[in-house]
Amino acid sequence: MTVRHEKITVPTTMREETIDITPRVKAAVTRAKVHEGFVAVTVAHTTAAVFVNENADPDVQKDLLTALERMVPRDAKYAHAEGNGPAHVKAVLVGNSVTLAIRNAEVELGTWQGLYFVELDGPRERTATITVIGD
Amino acid sequence: MTVRHEKITVPTTMREETIDITPRVKAAVTRAKVHEGFVAVTVAHTTAAVFVNENADPDVQKDLLTALERMVPRDAKYAHAEGNGPAHVKAVLVGNSVTLAIRNAEVELGTWQGLYFVELDGPRERTATITVIGD
Amino acid sequence: MTVRHEKITVPTTMREETIDITPRVKAAVTRAKVHEGFVAVTVAHTTAAVFVNENADPDVQKDLLTALERMVPRDAKYAHAEGNGPAHVKAVLVGNSVTLAIRNAEVELGTWQGLYFVELDGPRERTATITVIGD
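The following paragraphs examine the structure supplied in this document. (Residues numbered from 1 in each chain as written. Chains lettered and ligands numbered in written order. Predicted model: local features only at pLDDT ≥ 70, side-chain atom pairs only at ≥ 80, totals over all residues. Heavy atoms only, no water.)

Things to note about the packing of aromatic side chains
Residue and element names in this part refer to chain A.
Thought 1: One pass over the structure, following the stated rule, counts three aromatic pairs over all chains.
Thought 2: Measuring from centroid to centroid gives 5.5 Å for F51 and Y116, while their planes differ by 20°, and the two rings are stacked. A residue pair is termed long-range when its members are at least 10 positions apart, and F51 in strand 4 (residues 48–54) and Y116 in strand 7 (residues 113–119) qualify at 65 residues. As far as the burial class goes, F51 and Y116 line up, both buried. (Phe/Tyr/Trp six-rings, centres within 6.5 Å; stacked < 30°, edge-to-face > 60°. Helix = DSSP H or I, 4+ residues; strand = E, 2+ residues; numbered from the N terminus. Buried < 20%, exposed > 50% of the residue type's maximum accessible area, 1.4 Å probe, protein only.)

Written out as structure tokens, the structure reads:
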């Protein structure tokens, strides 16, 4: 069995944005030489997250950020005094890890699926950990 | 160590509905003959998702769909022009994968827990991948 | 390869609260003697959940509970007759499992990250399962 980690750097340039990290996750799986197993992508930040969704129309990503803002509005009251209270809540809603199957040495993603890093309190220098396990 | 994948077909019949796939996940774990490990259920769609919640009262499933509609209303504005903008957002909120422990060859689920596929833009022919890893 | 489970008891004392289980997850990883792999924490309840977020300012945890209440209000209508309808929905939004990488025998958590159990319909005697897999 192989276990292989790669830490990638994800620089962000806006307060909120989504960044397609699919090619980097696929490349890490190829480098791990695992044919059957899992890959987990985890984010060690509390105001950023990862998710899987549509890769074709960038408007889907915009809609997600707009909808999160409607659900967790910046102008509501937050006890956390640093001004990024809503970013923490959004990060919990989206989640800090994604797990995908690896079959025949390929990440099991649908035709329209991409794997996205979402910045919720940027711009910052961020990282994500890609862990591959399998045979 | 064993890694075993099964792809199941999940036909849906409504625009939004939840479908209990617990028996199919349990059967896949039995077929994999893994005593100790993990099972991950992943969905390769961008307007469907998976989650774990109550299996006793079907009203809990209805409440979930109602609450998601209240949070991500169909009549809000979405940039995505295909009319299923809210379905994409709901799919991210619920999540496209679930991970559960396998102990003594059984999926570690509570008495009141079931594993559900949720259709958010149906009806469609859907699939889910069940991946088992362990000994 | 090692697969090791630990079931921990999490007694809760309030209707809603977050409980830091990071030290217990780290101790379970140490006991499993796994250097490289994964740990998954799963909750076998339908009105409780787990998540990763800030461990420094407890106000972040309060903000999360307040924001969830705003999104899934207790005074909205729920079909589920037991009075804990919103708790079920909140549990799905937060999620019943968290996956983290293990590197060099350490759980890969950021400086400001902790792993939290969230009670949404307490007080109750709860449990969580910590599963470690790797070498």
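A short note on the interface of chain A and chain C
One widely used convention gives an interface's size as the accessible area the parts lose upon coming together.
Thought 1: Across the contact, 31 residues belong to chain A and 32 residues belong to chain C.
Thought 2: Inspection of the chain A/chain C interface yields one salt bridge.
Thought 3: Residue A:K7 is joined to C:E108 by a salt bridge in which the shortest nitrogen-to-oxygen separation is 3.7 Å.
Thought 4: Put simply, chain A and chain C have 11 residue pairs in polar contact (both at pLDDT 80 or more) between them.
Thought 5: Counting residues per element, the ones that place at least two in the side of chain A that touches chain C are strand 1 (2–11), strand 3 (37–42), helix 3 (85–94), strand 5 (97–103) and strand 8 (125–134) of chain A.
Thought 6: The biggest single contributor to the side of chain A that touches chain C is helix 3 of chain A, with six residues. (Contact = heavy atoms within 4.5 Å. Salt bridge = Lys/Arg side-chain N within 4 Å of Asp/Glu carboxyl O. Polar contact = N/O pair within 3.5 Å; in protein donor to acceptor, adjacent residues only side chain to side chain.)

A few points about the side chain of C:T22
Residues and elements named next belong to chain C.
Thought 1: Tracing the backbone through its elements, the reader meets T22 in helix 1 (residues 22–32).
Thought 2: From its side chain, T22 meets the backbone nitrogen of L115 in a polar contact 2.8 Å long.
Thought 3: Once you skip the residues sitting within four places of it in the chain, T22 turns out to touch L109, G114 and L115.

Regarding the relation of the copies chain A and chain B
Thought 1: In the superposition of chain A on chain B (RMSD 0.0 Å, axial shift 0.0 Å), the rotation amounts to 120°. With respect to symmetry, the two chain copies, as superposed, fit the operation of a three-fold axis.
Thought 2: Taken as a fraction of all interface residues of chain A, those also at the interface in chain B reach only 16%, which identifies the copy contact as different-surface. (Least-squares fit on C-alpha atoms with pLDDT ≥ 70 in both.)

Focus on the relation of the copies chain A and chain C
Thought 1: Expressed as a screw transformation, the operator carrying chain A onto chain C has a rotation angle of 120° and an axial translation of 0.0 Å, and the superposed copies differ by an RMSD of 0.0 Å.
Thought 2: A share of only 16% of interface residues in chain A that are also interface residues in chain C marks the association as one of differing surfaces.

Topic: the interface of chain A and chain B
Thought 1: Listed by partner, the interface residues are 32 residues for chain A and 31 residues for chain B.
Thought 2: Overall, the association of chain A and chain B removes approximately 2,500 Å² of surface from exposure, summing both partners, and the carbon and sulfur fraction of that is 62%.
Thought 3: Summed over the three residues of chain A that lose the most area to chain B, namely A:F38, A:D63 and A:R70, the buried surface amounts to 22% of that side.
Thought 4: The interface formed by chain A and chain B includes one salt bridge.
Thought 5: On inspection of chain A and its partner chain B, the count reaches 11 residue pairs in polar contact (both at pLDDT 80 or more).
Thought 6: Those elements that place two or more of their residues in the side of chain A that touches chain B are strand 3, strand 4, helix 2 (59–71), helix 3, strand 5 and strand 8 of chain A.
Thought 7: Broken down by element, the side of chain A that touches chain B gets its largest block of residues, eight residues, from helix 2 of chain A.
Thought 8: Class assignment for the residues of the side of chain A that touches chain B results in 17 nonpolar, six polar and nine charged. (Buried area = accessible area lost by both parts, 1.4 Å probe. Nonpolar A, V, L, I, M, F, W, Y, C, P; charged D, E, K, R; others polar.)

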